[in-house]
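Structural description and commentary
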Amino acid sequence: MMSKQYTTAFKAKVVKELLKEEKTLVQIAAEYEVHPTQLKNWRAIVLTGMADLFEKQESTAELKAASEQQQTELYAEIGK
């Protein structure tokens, strides 16, 4: 028996529905035809990885600032 393959967009949609907490896990599982244990796994992945999203955002801002600083220094060097 082949296991179902779900797209990342589908997983995100279902987990977003879970996080709203408007319906029970079992209701969402039935609605999207996904086993409740799988939904728990997807939710755990999202909640565990959420902090990384903010870290990446902060590191991106730091890289951008460093790049702008380097660009300013290079323009100053060219202007000499």
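Scope of this entry: the structure provided in the associated data block. (Residues numbered from 1 in each chain as written. Predicted model: local features only at pLDDT ≥ 70, side-chain atom pairs only at ≥ 80, totals over all residues. Heavy atoms only, no water.)

Considering a nonpolar patch on the surface
Rule in force here: Each patch is built from salt-bridge-free residues with over 30% relative accessible area, joining like charges within 9 Å and nonpolar side chains (Val, Leu, Ile, Met, Phe, Trp, Tyr) within 5 Å. Each accessible area is a Shrake-Rupley result for a 1.4 Å probe, and residues are judged covered by the shown protein chains and nothing else. When a carboxyl oxygen of Asp or Glu is within 4 Å of a side-chain nitrogen of Lys or Arg, the pair counts as a salt bridge. Helix and strand definitions here come from DSSP, where helices need a minimum of 4 consecutive H or I residues and strands a minimum of 2 consecutive E residues; each element is numbered from the N-terminal end. Only protein chains enter the accessibility calculation, which uses a 1.4 Å probe. A residue is then buried if its area is under 20% of the maximum for its type, exposed if over 50%, and partly exposed in between.
There is a patch of nonpolar side chains on the surface, built from Leu19, Val46, Leu47, Met50, Leu53 and Phe54 and spanning about 530 Å² of accessible area. The element best represented in the nonpolar patch is helix H3 (residues 36-79), accounting for five residues. Relative to the helices and strands, methionine 50 resides in helix H3. Judged by relative accessible area, which is 32%, methionine 50 ranks as partly exposed.

Quick word on the pattern of salt bridges
Tallied over the entire structure, the rule returns two salt bridges. Across the pair lysine 23 and glutamate 17 runs a salt bridge whose closest N-O atoms are separated by 3.7 Å. Residue lysine 23 is classed as partly exposed on the basis of its relative accessible area of 33%. The shortest N-O distance in the salt bridge between lysine 23 and glutamate 31 comes to 2.6 Å. Given the relative accessible area of 41%, glutamate 31 is considered partly exposed.

Description of helix H2 (residues 25-32)
How we decide: The reported arc concerns the directions from the helix axis to the C-beta atoms and nothing else.
Among all positions in H2, only Leu25, Ile28, Ala29 and Tyr32 are buried. When H2 is viewed along its axis, its buried side chains cluster within an angular range of 100° and face the same direction. For H2, the exposed residues lying more than 90 degrees away from the buried face are Val26 and Ala30. Positive backbone phi, at 55°, marks glutamate 33, one or two positions downstream of H2.

Topic: the packing of aromatic side chains
Definition in use: Centres within 6.5 Å make a pair out of two Phe, Tyr or Trp rings, where for Trp the six-membered ring is used; the pair is then stacked when the planes are under 30 degrees apart, edge-to-face when over 60, and tilted otherwise.
Applying the stated criterion across every chain yields a total of four aromatic pairs. Ring plane angle 15° and centroid distance 5.2 Å describe the contact between tyrosine 6 and phenylalanine 10, whose orientation is recorded as stacked. Residue classification places tyrosine 6 among the partly exposed positions, given a relative accessible area of 24%. Owing to a relative accessible area of 22%, phenylalanine 10 belongs among the partly exposed residues under this scheme. Measuring from centroid to centroid gives 6.3 Å for phenylalanine 10 and tryptophan 42, while their planes differ by 90°, and the two rings are edge-to-face. Of this pair, phenylalanine 10 sits in helix H1 (residues 8-20) while tryptophan 42 sits in helix H3, placing them 32 residues apart in sequence. Linked through ring pairs, Tyr6, Phe10, Tyr32 and Trp42 together constitute an aromatic cluster.

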